[in-house]
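Chain residues, written in single-letter form:
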2 protein chains.
Amino acid sequence: MEGLRVGSVLLTGCDGGLGLGLLKGLLEQPSPPRHIFAACLDPQGKAVNEVALGFPNVMILPLDVTDPNSIKAAVRKVQTEVRSAGLNLLINNTGTTRRSTFATETAENMSLVYTTNTIGPLQTSQAFLPLLKKAAEAEGQREMSCSRAAIINISSILGSIEVAEAWEERQDICYRCSKAALNMLTKCLALEYGSSGILCVSVDPGHVTPPLEQGMGPVTLEESVRGVLQLLAQLSATNNGTFWDWRGQRLPW
Amino acid sequence: MEGLRVGSVLLTGCDGGLGLGLLKGLLEQPSPPRHIFAACLDPQGKAVNEVALGFPNVMILPLDVTDPNSIKAAVRKVQTEVRSAGLNLLINNTGTTRRSTFATETAENMSLVYTTNTIGPLQTSQAFLPLLKKAAEAEGQREMSCSRAAIINISSILGSIEVAEAWEERQDICYRCSKAALNMLTKCLALEYGSSGILCVSVDPGHVTPPLEQGMGPVTLEESVRGVLQLLAQLSATNNGTFWDWRGQRLPW
């Protein structure tokens, strides 16, 4: 296994959970990225600073994906670092949810979760487009890949309309709707940016899914991170605009 | 063709367009509904009042699907009319859009369109659930159908992530994401309310699609209405939680 080789990565939601796991995983790759931008709501957070300690290739950045000014400031900082090489990989990992049933779901929940899970990745992708394009051009005629230029949207199997996973365990309409909409955004990004050499894929990291049937059970954070990074290393042009899980299996919309 | 036979229907978005067309179409059925609740943003509107003129089975109701108090008031009025028979059919037709490209899409557009197209149908369905349940019970052991109890969400082929229709003609990310999320809502409604005998289906009325290839071209409002009502007359339990177009063809998510 060669691992993921990529010049620069921006990863949102590094305050904890999967974001922090992916940050560790990137640092443990055989050829770690030259630049890792660990975007956090709280850049002073203990957890992210511990993980980044002693790694000069990690820059911890403040980023609120629901605030255009915060996104703009992050773009400027990344630009100063990567210069003409651009940004190779944007991982839209920030996400939120509210536990709810059909009886308790509210407009407030729906709006709040959509703003973070769907509008956030849209605005972040729009803002980083120039840097992603630069990376795609800098890598010239190479085939599309996460090493050249890509946007990875961290989605969820709960966002698959076809599968409708774990309905009995958690309804969370606000979350399911936001992730189905995020999957639509992935498809739109693939259609729009594909011609610029930027790959866009939705990924279900798996460990958010509660235990169910055999083979569909919980996955540890470490297994999830290993699976996701292995998947990213393998994605190519034919996968543009598709939906995958951490095991490298294609998911239906 | 027997047409759609249903005791009571509430149809949102009767101010114009497809809503007004469906209202006309329902009145022209061989056995028109005993009660048609034509929900409008402007119940004084000329168009809807002209269509309803001379039809004592039509009640024009004010309804803003983004306002919980407005929805509650509508539920009370419907309840007074239908009493123990309940409401057989709720058609969530109200929708809005903003024309946009990837370069011009905004958080404001995204929120506004999601609020009307996705949160609106959620809140309307939640509020009318008791009346829909009552209708499902009143019709006893009959198979699921639009005549017994159903929620029809007027979606769009533009909300199909798989098809990604008409991308070159209109991007409208805000609209596509809201309709993909609405399709998720349809699936969730089907899972949740199905056991109560309430059918839930997404329908693409077709005429919003601009001309494309042969066979995918524009459809007149009349053809769309005829097709949608014919489809509704044929839906049964096996179609619960699925997505169809006005031609009676199943659509992928």
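Residues numbered from 1 in each chain as written. Chains lettered and ligands numbered in written order. Predicted model: local features only at pLDDT ≥ 70, side-chain atom pairs only at ≥ 80, totals over all residues. Heavy atoms only, no water.

Under the annotation held in an unreviewed UniProt entry, chain A carries the name C-factor-like and is attributed to Serinus canaria.

J.: How would you explain the packing of aromatic side chains if you had to name every residue and give the values?
T.: Applying the stated criterion across every chain yields a total of seven aromatic pairs over all chains. Here Phe102 of chain A and Tyr193 of chain B contribute two aromatic rings whose centre-to-centre distance is 5.3 Å and whose plane-to-plane angle is 40°, an arrangement assigned as tilted. With Phe102 of chain A in the loop between strand E4 (89–92) and helix H4 (107–138) and Tyr193 of chain B in helix H5 (residues 173–193), the pair connects residues from two separate chains. For the pair Phe102 of chain A and Tyr193 of chain B, one class covers both residues: buried. (Phe/Tyr/Trp six-rings, centres within 6.5 Å; stacked < 30°, edge-to-face > 60°. Helix = DSSP H or I, 4+ residues; strand = E, 2+ residues; numbered from the N terminus. Buried < 20%, exposed > 50% of the residue type's maximum accessible area, 1.4 Å probe, protein only.)

J.: How would you summarise the relation of the copies chain B and chain A if you had to cite specific residues and measurements?
T.: Expressed as a screw transformation, the operator carrying chain B onto chain A has a rotation angle of 180° and an axial translation of 0.0 Å, and the superposed copies differ by an RMSD of 0.0 Å. Between the two chains, the operation in question is that of a two-fold axis. Ranked by how close their C-alpha atoms come to the rotation axis, the residues of chain B are headed by Ala181 of chain B, at 2.6 Å. (Least-squares fit on C-alpha atoms with pLDDT ≥ 70 in both.)

J.: Tell me about helix H1 (residues 17–27) of chain B, and name the residues and values.
T.: Residues and elements named next belong to chain B. H1 sits mainly inside the fold: nine of its 11 residues count as buried. The set of residues buried in H1 consists of Leu18, Gly19, Leu20, Gly21, Leu22, Leu23, Gly25, Leu26 and Leu27. Contact partners of the buried residues in H1: strand E1 (8–11), strand E2 (35–40), helix H2 (46–52), strand E3 (58–62), strand E5 (150–154) and helix H6 (221–234). (Contact = heavy atoms within 4.5 Å.)

J.: Please set out the nonpolar core residue by residue, giving values where relevant.
T.: Nonpolar side chains in soluble globular proteins generally cluster together in the buried interior. In this structure, Leu10 and Phe128 of chain A together with Leu10 and Phe128 of chain B are the most contacted members of the largest nonpolar core, which totals 95 residues. If you list the elements that add at least two residues to this core, you get strand E2 (35–40), helix H3 (68–82), H4 and helix H5 (173–193) of chain A together with E2, helix H3 (68–82), helix H4 (107–138) and H5 of chain B. The contact partners of Phe128 of chain B, leaving out residues within four places of it in the chain, are Leu10, Ile71, Ala74, Val75, Val78, Leu87 and Leu90 of chain B. (Core = buried A, V, L, I, M, F, W, Y, C linked by side-chain atoms within 4.5 Å.)

J.: Tell me about the pairing of strand E7 (residues 242–245) of chain B, residues and numbers included.
T.: Consecutive side chains of a regular strand alternate in pointing toward one face of the sheet and then the other. All names here are of chain B. Here E7 shows no split at all, with Thr242 and Trp244 on one side and Phe243 and Asp245 on the other all buried. Where strand E6 (residues 199–204) and E7 come together, four bridges link them in parallel fashion. Bridging across to E7, Val203 finds its partner in Trp244. (Pairing = 2+ DSSP bridges.)

J.: Which residues make up the packing of H3 of chain B against H4 of chain B, and what values do they have?
T.: The description of two packed helices rests on the angle between their axes and on the distance between the axes. Residues and elements named next belong to chain B. Two elements in contact, H3 and H4, have axes separated by 9 Å at closest approach and are oriented at 15°. Between H3 and H4, the interaxial angle falls into the category roughly parallel. For H3 against H4, the interelement crossing comes out right-handed. Contacts between H3 and H4 pair Pro68, Ile71, Ala74, Val75, Val78, Gln79 and Val82 from the former with Gln123, Thr124, Ala127, Phe128, Leu131 and Lys134 from the latter. Split into classes, the residues belonging to the contact of H3 with H4 amount to nine nonpolar, three polar and one charged. (Axes fitted to C-alpha atoms, helices over the stretch in contact; angles between N-to-C directions. Parallel < 35°, antiparallel > 145°, perpendicular 65-115°, else oblique. Left-handed = near helix turned anticlockwise from the far one by under 90°. Nonpolar A, V, L, I, M, F, W, Y, C, P; charged D, E, K, R; others polar.)

J.: If you had to explain unusual backbone geometry to someone new, which residues and values would you point to?
T.: All names here are of chain A. Its identity as a non-glycine residue notwithstanding, Ala164 has a phi of 50°, on the positive side. Here Ala164 shows up in the loop between strand E5 (150–154) and H5. The buried category is assigned to Ala164, whose relative accessible area is 13%. Unlike most non-glycine residues, Asp172 shows phi in positive territory, near 40°. Looking at where Asp172 falls in the secondary structure, it is placed in the loop between E5 and H5. Since its relative accessible area comes to 1%, Asp172 is described here as buried.

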